[in-house]
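Structural characterization, general
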Amino acid sequence: MGLVHLPGGLNLAAVLLMLTGSQWYILFNTIAGARAIPQDLKYTARLMGLSRWQRWRILYFPALFPYLVTGAITASGGAWNASIVAEHVVFGGRTLYTVGLGAIIARATEEGHYPLLFAATLTMITLVVAINRLLWRRLYRVAEERFKLE
Amino acid sequence: MAEHLLELRNVSQVYRSGDREFLALKDVSLALDEGEFLVLLGPSGCGKSTLLRIATGLQRPTSGEVLYRGEPVRGVNPRATIVFQTFALFPWLTVLENVEVALAARDVPPAERRRRALEILDRVGLDGFEGGLSPGALRRDAPKSGVCPGHGGGAGAFMLG
Ligand SMILES: Nc1ncnc2c1ncn2[C@@H]1O[C@H](COP(=O)(O)OP(=O)(O)OP(=O)(O)O)[C@@H](O)[C@H]1O
Ligand SMILES: [Mg+2]
């Protein structure tokens, strides 16, 4: 928790906490993806004599892509949740806040500042929906249509 | 002793899982010469695929030797390939791109790949299939047009000179 004393340290710590919480979604999805690659496809890549880089570009990355997207979607959902708890810490009798939407929500809840809570929550909902539509849904469609292993 | 194209000497394969052992190949020896055509026949599970993987260097046998033109095979033999019963095409590439990948692996320069790939598809009667066609569509449509060889067959291996 020495991070707390650094300038911007709490922000960094909050990001770290969100990352440690969400990396598992991506990791386990990637493992599942790697296991789903047909053995014959891996053999064929070796028989063709594809270089390591070619194997990644032509086989592993496309095959893992849908799993990476699914992992990232789940992870980002988890990270939004985590932001509310990660952005403020009760530490040595003091409550520390980072700069962030999660912190605003947590603080407004604690202080009973309902108009602010309402506005911040609405902002977060809008952000989540916008990112879902603009980013995740597009990536998901690409994964579905282009990189599906039949 | 004459040098064979491919030679297997006393090849055995034991598969282990936990403390159980399964002898899939027992002391197989065979020799194949240039221009020869060999067919392996046998019931399901008798070890045909295992033998192909060992002959091409995809898998090291538990014991025994594999020689290609008199030289022990280390790693995958670049002069050998297998056509799997699942076809094993990259589904995110078109049929034409699949052919180009094989050429890229053999260091054919990019400018020449397209031309050679078209030529190859033409030669096997797949011209007109080269457009944006995916391997999945090929699998579905090809039998109807009678260009799909060996349906229901197993894997085949090719040793190239
Ligand atoms: N990786 C493995 N681990 C354990 N046992 C295996 C493994 N691969 C194959 N076997 C066993 O070895 C035997 C031979 O398998 P193989 O796939 O070579 O047979 P096959 O002749 O190709 O069969 P098919 O005609 O069904 O393709 C089978 O009994 C199989 O269960
Ligand atoms: Mg088999």
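Criteria and cut-off values
Residues numbered from 1 in each chain as written. Chains lettered and ligands numbered in written order. Predicted model: local features only at pLDDT ≥ 70, side-chain atom pairs only at ≥ 80, totals over all residues. Heavy atoms only, no water. Core = buried A, V, L, I, M, F, W, Y, C linked by side-chain atoms within 4.5 Å. Buried < 20%, exposed > 50% of the residue type's maximum accessible area, 1.4 Å probe, protein only. Helix = DSSP H or I, 4+ residues; strand = E, 2+ residues; numbered from the N terminus. Contact = heavy atoms within 4.5 Å. pLDDT = per-residue confidence, 0-100. Buried area = accessible area lost by both parts, 1.4 Å probe. Polar contact = N/O pair within 3.5 Å; in protein donor to acceptor, adjacent residues only side chain to side chain. Pairing = 2+ DSSP bridges. Near = heavy atom within 4 Å.

The next point concerns the nonpolar core. In terms of nonpolar packing, the biggest core is built from 24 residues, with Leu 50 and Leu 59 of chain A together with Phe 84, Phe 90, Trp 92 and Val 101 of chain B touching the most fellow members. Only α2 (39-48) and α3 (52-86) of chain A together with α2 (95-105) of chain B provide two or more residues apiece to this core. If we skip the residues at most four places from it in the chain, Phe 90 of chain B touches Leu 41, Ala 45, Met 48, Leu 50, Ile 58 and Leu 59 of chain A together with Asn 98, Val 101 and Pro 135 of chain B. Grouped together as the second largest cluster of nonpolar side chains are nine residues, Leu 8, Val 11, Leu 51 and Ile 54 of chain B included.

Residues and elements named next belong to chain B. Per-residue confidence for chain B gives a mean pLDDT of 83; residues scoring 70 or more make up 79%. A low-confidence stretch, residues 145-154 stays under pLDDT 50, and its non-local contacts, those more than four residues away or across chains, total 11 contacts. This complex was scored by the predictor with a pTM of 0.75 and an ipTM of 0.80.

With that settled, consider the interface of chain B and chain A. Listed as interface residues are 24 residues of chain B and, on the opposing side, 20 residues of chain A. In total, chain B and chain A occlude about 1900 Å² of area from one another, counting both sides; carbon and sulfur atoms represent 67% of this. Three residues stand out in chain B for area buried against chain A, namely Leu 58, Phe 90 and Trp 92 of chain B, and they jointly supply 38% of the buried area on that side. At the junction of chain B and chain A, the tally comes to two residue pairs in polar contact (both at pLDDT 80 or more). Elements that contribute at least two residues to the side of chain B that touches chain A include exactly α1 (48-56), β5 (80-83), α2 and α4 (135-145) of chain B. Examining the composition of the side of chain B that touches chain A, we find that five residues originate from one element, α2 of chain B, more than from any other.

Across the sheet, four strands lie side by side as β2-β1-β3-β4 (chain B); this open sheet has antiparallel pairing. The open sheet terminates on both sides in strands that have one partner only, identified here as β2 (20-32) and β4 (71-72) of chain B.

Residues and elements named next belong to chain B. Around ligand 1, the surrounding shell consists of Tyr 15, Phe 22, Ala 24, Ser 44, Gly 45, Cys 46, Gly 47, Lys 48, Ser 49, Thr 50 and Arg 53. The separation between an oxygen atom of ligand 1 and a polar side-chain atom of Lys 48 is 2.7 Å. Within the contact set of ligand 1, an oxygen atom lies 2.5 Å away from a side-chain nitrogen or oxygen of Thr 50. Counting only elements with at least two residues in the shell around ligand 1, the list comes to β2 and α1. With four residues, α1 is the largest single contributor of residues to the shell around ligand 1.

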